[in-house]
Amino acid sequence: MIPQEFIEELLARTDIVEVVESRVALKKTGQNYSGLCPFHSEKTPSFTVSPDKQFYYCFGCQASGSALKFVMEFDRLDFVAAVESLADKVGLEVPRTQGKGAAEQRERRKSIYEVLEQAAEFYKSRLKSHQHRDRAVEYLKGRGLSGEIARDFALGYAPPEWDGLYSALAKTNHERDLLIASGMVIEKPEEEKIYDRFRDRVMFPIRDLRGRVIAFGGRLLGDGQPKYLNSPETDVFHKGRELYGLFEARRRNHKLERLLVVEGYMDVVALAQYGISYAVATLGTATSREHMERMYRLVSSLAFCFDGDEAGRNAAWKALQTSLPLMQDGRSARFLFLPEGEDPDSLIRQEGKDKFEYRLQESPHLPDFFFDKLRSEVDMDSLEGKAALSKAAVPLINTIPDGVFKQLMIDRLSDHTGLSRDRLLEVMGNDNTSQRPGPARRREQEVSAGTSRTSLAEAALALILRQPELAGQFDEEVYGRLGQLPECRLLVEVIRLIRSEGLDSPAFVMARYENHGDSGTLKTLAEQEALLDVSELPDEFSGIINALTRKLEVQSIQELRRDLLKKPFAELSTSERQMLREITRGTYAPGKQE
């Protein structure tokens, strides 16, 4: 059996919009997304996907469920195979447990969630009515927070008593054990003592993507240490993967487009108070790959906020190195360095939203910070310095997934060192220090390896000839762009034929090409040995089409860059200069200027 808590974690880390959008064409409609239902034939969209509820529903056929159910129904997979498919995409390994133990563990987790919710209500009530509440209220007002923002983030107050929470919630031995398991109280058997973990603190509930309270952070009001205290690791809380404020950011933004990563709870809340409603904070740890993977599944643009001193820049450099293997085309990262002595909380109160966002807009993109940092450590006026820059940069660039962004980073290194692009590629090909590729990169490599003797377009054709309904995975706009690649001519032609005539059998497709000039090619591809199970074909086809799309984007951006560089810089228009800057930074997205 697959433990229920793993299913819950998997769904919490999976974005249903991303899952559905890779298989069905969706359009943003208000807070939700809509499209033609994949489970019944229709001409008017009645299929909706809710990012807030992480749920899909069809008003036509009443199909509904979570991302897991969608994968089961759309990909025609059984429960276990669907779980494994989603887990692979988010980098999780599927555990197995025996029946009775799994049920007990599931009930235990459910009870912990309930006691944490009760604790949150206890702290909120004490912020409203406790005899010492004035200290907490004055602190929050002094930080410029309103009652509305305190309500939205469910802020509370832990009284100074040693057992305030324990006395209120532990009426039975079972409730006492749950409070201990949730980390809310501490037991010292040798001293026969049980007492509250949080005392005389402003309380910040930490919520998962489903809005469940999973832990707390507490800010001390009086003297003493530590100033900030977090819940310990529990069955429902793992601080290395959670982000404070992520639930609130998604709830406050109908379409969340970017996230700002800051250090503390109060930074997140204060920024939201002043209109920056997309900030999140790590929980006393450096930003990990797991944090970034979670954020990049929700948005394409991240900004990291650090102190401007040496320690802050060192922390920023570590974050940059962590982000490089995740920098797929279309993703971006910025690094905002604050003035000395300021934090986001103090700065937003001094400057307001507009000036803070201007700082953010002008903060260096990842390529700028990357090369400025490495160039500052060598003598760029000497050959030795340029060689040292190349030696430092090559292993790091090699960790970036293949695509336009990686190619532009190589071009930028070529400009700085004077080495030709071909020579750099040769050096990078001999470099063995790149990190082990993640699941998405391994998938691309598997697609490439599986199609080494045929082109990507031919491999996609072979899949289409085996399962014609795969043609419905992408909309006409995608296939229209692929038609620009000469090798995709026949692929696009066959796809359009299948879609226009509703062909659902390989035999029907082959019959339409009888006595046709391409019949021999199609016959050869149709007779290829089937190496994949039918359940694996949708992912395989999707991976190949995405690889072809990236190939087209690389070509178009390279052509655009060459055209722009042919003109003297002084003759470039303002928009052309901006375009060239974005191409050089690796942030240019084809079509966004239109």
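The coordinates are above.
Every value quoted in this text rests on a predicted model; they were computed, and no experiment measured them.

The helix and strand inventory of the protein chain stands at 26 helices and 15 strands. Against the compact-globule benchmark of 25 Å for 594 residues, the protein chain has a radius of gyration of 27 Å, which places it among compact chains. Taking the principal axes of the C-alpha coordinates as reference, the protein chain spans close to 90 × 65 × 45 Å. For the protein chain, the proportion of contacts with a sequence separation of at least 24, taken over those separated by at least 6, is 66%. Summing over all exposed atoms, the protein chain offers an accessible surface of approximately 28,900 Å²; the carbon and sulfur share of this is 47%. With 83 positive and 94 negative side-chain charges, the protein chain shows a separation of 2 Å between the mean positions of the two kinds.

So, on to the side chain of Thr399. Along the polypeptide, Thr399 turns up in the loop between helix H16 (383–397) and helix H17 (404–417). A relative accessible area of 11% places Thr399 in the buried class. A polar atom in the side chain of Thr399 sits 2.6 Å from the backbone oxygen of Leu396.

In the structure shown here, the tally under the stated rule is 24 aromatic pairs. Taken together, a centroid distance of 6.2 Å and an interplanar angle of 90 degrees make the contact between Phe204 and Tyr244 edge-to-face. With a gap of 40 residues between them, Phe204 in strand S9 (residues 201–207) and Tyr244 in the loop between strand S11 (228–230) and helix H10 (246–252) connect regions that are remote in the sequence. Both residues of the pair, Phe204 and Tyr244, belong to the buried class. The ring centre of Trp162 lies 4.0 Å from the NZ or CZ of Arg199, which sits over that ring. The positively charged end of Lys373 is found above the aromatic ring belonging to Trp317, 4.8 Å away from the centroid.

This part is about a negative patch on the surface. The grouping of Glu263, Asp307, Asp309, Glu310, Glu340 and Asp343 at the surface amounts to a negative patch. As for its position among the elements, Glu263 is in the loop between strand S12 (258–262) and helix H11 (265–273). According to the relative accessible area criterion, Glu263 is exposed, its value standing at 64%.

Another point: the sheet that holds strand S3 (residues 47–50). Strands sit in the order S1-S2-S3-S4-S5 across an open sheet of five strands; the sheet is antiparallel. This sheet does not close on itself; its edge strands, each paired only once, are strand S1 (27–29) and strand S5 (64–65). Inspection of the sheet shows strand S2 (residues 32–35) paired to S3 by three bridges, in the antiparallel sense. Counted as the bridge partner of Ser34 is Thr48 from S3.

An order of S13-S12-S14-S15 is seen for the four strands of this open sheet, with the pairing classed as parallel. Whereas interior strands pair on both sides, the edge strands pair on one side only; in this sheet they are strand S13 (279–281) and strand S15 (332–338). Averaged over all neighbouring strand pairs, the angle between strand axes comes to 25 degrees, with direction disregarded. Pairing between S12 and S13: three bridges, direction parallel. Each residue of the ladder has a partner; that of Val261, found in S13, is Val280. The strands touched by helix H14 (residues 344–362) within the sheet are S12, strand S14 (301–307) and S15, with S15 carrying the most contacts at an inclination of about 140 degrees.

Remark: helix H13 (residues 310–323) packs on helix H15 (residues 366–375), axes separated minimally by 11 Å, with the N-to-C direction vectors making an angle of 120 degrees. For the element pair H13 / H15, the angle class is oblique. The crossing of H13 and H15 is left-handed. Residue-level contacts link Arg313, Ala316, Trp317, Leu320 and Ser323 of H13 to Leu366, Phe369, Phe370, Lys373 and Leu374 of H15.

Summed over all chains, the structure comprises four cavities of 30 Å³ or more. Considered as a void within the structure, the largest cavity measures approximately 50 Å³ in volume. Considering the residues around the largest cavity, the lining is formed by Ala12, Arg13, Thr14, Asp15, Leu209, Arg250, Arg294, Arg297 and Leu298. Tallying contributions element by element places helix H12 (residues 289–298) first for the lining of the largest cavity, with three residues. The class makeup of the residues in the lining of the largest cavity is three nonpolar, one polar and five charged.

Moving on, we come to the pattern of salt bridges. Using the criterion set out here, one finds 30 salt bridges in the structure. Between Glu9 and Arg241 there is a salt bridge, and its shortest N-O distance comes to 2.6 Å. Placement of Glu9 in helix H1 (residues 4–12) and of Arg241 in the loop between S11 and H10 is noted, with a sequence separation of 232 residues between them. Pair check on accessibility: Glu9 and Arg241 agree, each one buried. Salt-bridge contacts for Glu357 lead to Arg258; the nearest nitrogen and oxygen are separated by 3.2 Å. Linking Glu357 in helix H14 with Arg258 in strand S12, this pair joins segments that are 99 residues apart in sequence. Judged by its relative accessible area of 34%, Arg258 falls in the partly exposed class.

A word on the environment of Leu155. In this structure, Leu155 sits in the loop between helix H7 (147–152) and strand S6 (156–158). Taking relative accessible area as the criterion, Leu155 reaches 3% and is therefore assigned buried. Distance in space between the C-alpha atoms of Leu155 and Gly312 is 29 Å, their sequence separation being 157 residues. Leaving out residues up to four positions away in the same chain, Leu155 has contacts with Lys124, Leu127, Leu140, Leu145, Ala150, Met203, Phe204, Pro205, Tyr244 and Val269.

Here we come to the environment of Pro95. Within the secondary structure layout, Pro95 lies in the loop between helix H4 (79–90) and helix H5 (99–129). A sequence separation of 92 residues divides Pro95 from Pro3, and the C-alpha atoms of the two residues are 7.1 Å apart.

A separate point is the side chain of Arg23. If you trace the backbone, Arg23 turns up in the loop between helix H2 (16–21) and S1. Looking at Arg23, its side chain comes within polar contact range of the side chain of Ser22, at 3.0 Å. If sequence neighbours within four positions are ignored, Arg23 has contacts with Phe70, Val71, Phe74, Asp75, Gly472, Gln473 and Asp539.

The next thing to look at is the pairing of S15. Among the seven residues in S15, seven count as buried, and that is most of the element. A two-sided burial pattern is seen for S15, the buried positions comprising Ser332, Arg334, Leu336 and Leu338 on one face and Ala333, Phe335 and Phe337 on the other. Taken together, S14, H13 and S15 constitute a β-α-β crossover, and its handedness is right-handed.

Calculation criteria
Residues numbered from 1 in each chain as written. Predicted model: local features only at pLDDT ≥ 70, side-chain atom pairs only at ≥ 80, totals over all residues. Heavy atoms only, no water. Helix = DSSP H or I, 4+ residues; strand = E, 2+ residues; numbered from the N terminus. Rg over C-alpha atoms; globule rule 2.2 N^0.38 Å. Contact = heavy atoms within 4.5 Å. Areas by Shrake-Rupley, 256 points an atom, 1.4 Å probe, with all protein chains shown as cover. Lys, Arg positive; Asp, Glu negative; His and termini not counted. Charge placed at Lys NZ, Arg CZ, Asp CG, Glu CD. Buried < 20%, exposed > 50% of the residue type's maximum accessible area, 1.4 Å probe, protein only. Polar contact = N/O pair within 3.5 Å; in protein donor to acceptor, adjacent residues only side chain to side chain. Phe/Tyr/Trp six-rings, centres within 6.5 Å; stacked < 30°, edge-to-face > 60°. Lys NZ or Arg CZ within 6 Å of the ring centre and 35° of its normal. Patch = residues over 30% accessible without salt bridge, like charges linked within 9 Å, V, L, I, M, F, W, Y side chains within 5 Å. Salt bridge = Lys/Arg side-chain N within 4 Å of Asp/Glu carboxyl O. Pairing = 2+ DSSP bridges. Axes fitted to C-alpha atoms, helices over the stretch in contact; angles between N-to-C directions. Parallel < 35°, antiparallel > 145°, perpendicular 65-115°, else oblique. Left-handed = near helix turned anticlockwise from the far one by under 90°. 1 Å grid on protein atoms, 1.4 Å probe; cavity = no way out; pocket = protein on both sides within 12 Å on 5 of 7 lines; lining within 4 Å. Points joined across faces, edges and corners; volume = space filled by probe spheres on them. Nonpolar A, V, L, I, M, F, W, Y, C, P; charged D, E, K, R; others polar. Right-handed = clockwise from strand over helix to strand, strands pointing away.

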